[in-house]
Structures are given as C-alpha cells and as structure tokens.
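Coordinates in review
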Amino acid sequence: MSKLRVPLAILVVIIAIAGGGYYYWQQNQETLPEFIASGNGRIEAEEVRVATKYAGRVDEVLVDEGDLVQAGQVLARMDTEELQASLAKARAEVASAEQGIFEAKADIVQKESQLSFAERQLERANELVKNNNIAREQVDQRKSDRDVAEAALAAAKSRLTSSERNVEAAQAELERIQVQINDSVLKAPRGGRVQYRLAEPGEVLAGGDPVVTVLDLTDVYMTIFLPTRQAGLAFVGNEARIVLDAAPGFVIPAHVSFVADDAQFTPREVETRSERDKLMFRVKIRIARELLEEHRKRVKTGLPGEAYVMLADHQNWPERFTPNVPDDATLNQSLQE
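First, a word on what this report is: a plain description of the structure on this page. (Residues numbered from 1 in each chain as written. Predicted model: local features only at pLDDT ≥ 70, side-chain atom pairs only at ≥ 80, totals over all residues. Heavy atoms only, no water.)

Scanning the chain from terminus to terminus reveals 7 helices and 12 strands. Every one of the 337 residues in the chain was classed for burial, and the buried ones make up 34%. Of the contacts made within the chain by residues no fewer than 6 positions apart, 79% connect residues no fewer than 24 positions apart. For the chain, the computed accessible surface area is about 20800 Å², with 51% contributed by carbon and sulfur atoms. (Helix = DSSP H or I, 4+ residues; strand = E, 2+ residues; numbered from the N terminus. Buried < 20%, exposed > 50% of the residue type's maximum accessible area, 1.4 Å probe, protein only. Contact = heavy atoms within 4.5 Å. Areas by Shrake-Rupley, 256 points an atom, 1.4 Å probe, with all protein chains shown as cover.)

Written out as structure tokens, the structure is:
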C-alpha cells in the first residue's frame with residue numbers, strides 16, 4: 001500500500017504543476033499591455049427611419065424585413081389620388097393665368113394704338129388752332145383724349161404685370177403639389193438592410209410616422225466604455241481591433257471614431273481621486289467602410305464581442321491582434337462549425 005502512495009503523490013504533483021502552468025499560460029494570453037485598452041460590446045449599425053413627410057394612407061410597401069436595398073430604391077408609396085386632383089386643378093390655374101397674360105398683351109397693343117391716334121389728333125389740333133381754324137376748346141378736348149389714352153395704356157401694362165405674378169403664383173402652387181407627390185414615394189436614403197417594416201398598405205399615418213427602418217451595413221461600429229485614464233489616451237483615429245464571440249479566431253481591424261466628452265455612470269463633478277477613477281467614458285469603435293462593403297451580405301448587428309484600442313501613439317500590436325478577416329466562404333464554414 002505504501003508503494004502505491006509514492007507514484008500517486010508524484011502523479012498529483014505533476015497534475016498540479018501542469019495545471020498551474022496552463023493557468024499561467026492562459027493568464028499571459030489574456031493579459032494586455034498597458035498601452036492597449038479593451039471593452040466588450042455589440043456590433044451596431046446606423047439606423048435610418050424612412051418616414052412619410054405628410055399625413056396620408058399607405059398605398060404599397062415594396063420591401064420586406066431582411067431585404068438588402070440600394071440607395072435611391074423605392075421602398076413604399078403613399079396614396080396620391082387627392083394630390084393628383086389638386087395637381088390637375090393647379091395646371092388649369094396656370095393655363096388660366098397664362099391666358100390672362102395673352103389678353104393683357106393684346107390690350108396693351110390696343111391701348112398703344114389708341115394713344116398714338118390721340119397724340120396725332122392733338123398735334124393736328126395744335127396746328128389748326130394757330131390759324132384760328134378750330135376753337136381752343138377742341139384743342140383741350142384732344143389733349144384730354146390723349147391723357148385718357150396714356151392712363152389706359154398704363155393700366156393695361158399694370159394688368160400685364162399682375163397677370164405675370166398670377167402665373168408665377170399658380171406655377172409655384174403646381175410645383176408645391178408636385179413636390180408633395182414626389183415625397184409620397186419613399187426611397188432609401190442609403191443602402192442597407194431592412195430591419196423593420198412598420199406600416200402596411202391601407203394604414204393612415206401622421207406626418208413623420210416611419211414606414212420602414214434601414215440599417216446601413218457600411219456604417220458599423222461597437223460601443224465600449226473605458227475608465228478615465230484609458231479614455232484620456234484614446235484619441236479619435238487610433239487603431240483598434242474587434243474580436244466577435246461568434247468567430248473568435250478572426251480579428252477585425254477598426255479605429256476610434258468617437259470619444260465622449262461626458263462621463264457615464266457617475267456624477268459630472270466628484271471630490272476624490274477614487275471617485276474620479278470610477279468615471280467611464282463612451283468610446284465608439286468603427287469598422288472601415290471599404291471592408292464592410294466587401295462583406296456587406298455577411299454583416300450582422302447585435303453580435304457580442306470584445307474591442308481593443310491602441311492608446312496614445314503606440315503602434316506595436318501583439319501578434320495575436322494581426323488583422324485576420326476571412327472571405328465569405330471561410331467565414332460561413334467557421335460559423336457553421
């Protein structure tokens with residue numbers, strides 16, 4: 001029995017040494033240099049709420065949740081029957097106002113002719129009165145006719161100006177209604193994936209109510225929180241890395257795009273150094289748009305992971321943080337495993 005205890009004790013010692021060595025190795029693997037900060041978060045993307053500008057009834061929704069859409073693609077249409085009727089009325093008013101211009105111009109021509117005739121009559125009367133061939137009263141009458149013709153011409157020109165303003169007003173109303181009709185066609189302001197379909201055909205919405213939401217899959221980031229000291233050394237533009245829980249073997253290159261000015265979780269003003277050390281600042285880690293465009297169909301939001309930030313001006317990343325972004329086939333196989 002004593003002979004059995006010796007090998008058993010040796011085996012226990014070996015297991016303890018191996019376990020301790022593994023623990024030490026694991027701890028070293030997880031230990032980060034002082035110039036690298038880390039924080040956990042989830043992958044997020046900029047969300048765009050595509051909403052109706054004016055109150056109205058939804059005529060059709062052309063996309064479903066999960067669809068990939070391109071910038072400028074039509075997502076939904078609002079009912080425009082009433083607007084189309086208003087547009088037809090506005091066009092008629094424009095035509096009527098333009099007819100008013102035509103009539104005013106014709107009236108001006110007539111009044112100019114009448115004024116020219118009145119001026120010639122006055123000239124003849126002035127010549128005749130010199131030889132006493134007509135009475136002075138007739139000359140005064142010709143002068144009065146000339147003045148009346150001048151006033152009539154001025155009034156005709158004023159009506160032309162008024163008719164032109166009427167055309168401009170009618171045209172502006174026509175354009176306003178056309179803009180409303182154009183705005184009733186809801187288009188994607190940027191490409192991405194439809195996240196929610198919030199309205200269905202037949203629903204009546206108020207102005208500003210969303211119809212669909214779109215995630216821009218080329219504007220993806222992870223939000224983490226860093227303590228005061230590390231946040232003070234995290235500058236916009238600093239390099240970063242993201243490792244997702246779903247694919248821990250891959251390292252995604254990124255950069256710091258935002259560092260909050262205000263701390264989270266604690267008061268804005270604190271008295272002691274220990275309290276200041278508890279301040280946490282929001283930091284946004286953004287993935288390069290070019291990389292996201294290459295893997296646009298594979299981008300998913302909500303995936304948890306860890307982000308690592310290079311602090312200050314350091315650049316020497318440990319080897320395990322070398323960027324390693326797989327192609328779609330490799331990534332798909334990794335996720336299936």
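Another point: the pairing of strand E2 (residues 56–61). Relative to strand E7 (residues 204–205), E2 runs antiparallel, the two being bridged by 2 bridges. What sits directly across from Gly56, in E7, is Leu205. Judged from the 3 bridges that link them, E2 and strand E4 (residues 74–78) form a sheet pairing that is antiparallel. Note on E4: the bridge partner recorded for Glu60 is Arg77. (Pairing = 2+ DSSP bridges.)

Turning to the sheet that holds E7, a few remarks are in order. Spatial strand order, E5-E4-E2-E7: 4 strands in an open sheet with antiparallel pairing. This sheet does not close on itself; its edge strands, each paired only once, are strand E5 (185–187) and E7.

This part covers the pattern of salt bridges. Across all of its chains, the model carries 16 salt bridges by this definition. Of the charged contacts, one joins Asp107 and Lys111 as a salt bridge, the two residues approaching to 2.7 Å between their closest N and O atoms. Taken together, the residues span about one helical turn, with Asp107 and Lys111 both in helix H2 (residues 81–130) at a distance of 4 residues. Accessibility classification places Asp107 together with Lys111 in one group, the buried group. The residue Arg241 makes a salt bridge to Glu239 at a minimum N-O spacing of 3.7 Å. Arg241 sits in the buried class, given a relative accessible area of 7%. (Salt bridge = Lys/Arg side-chain N within 4 Å of Asp/Glu carboxyl O.)

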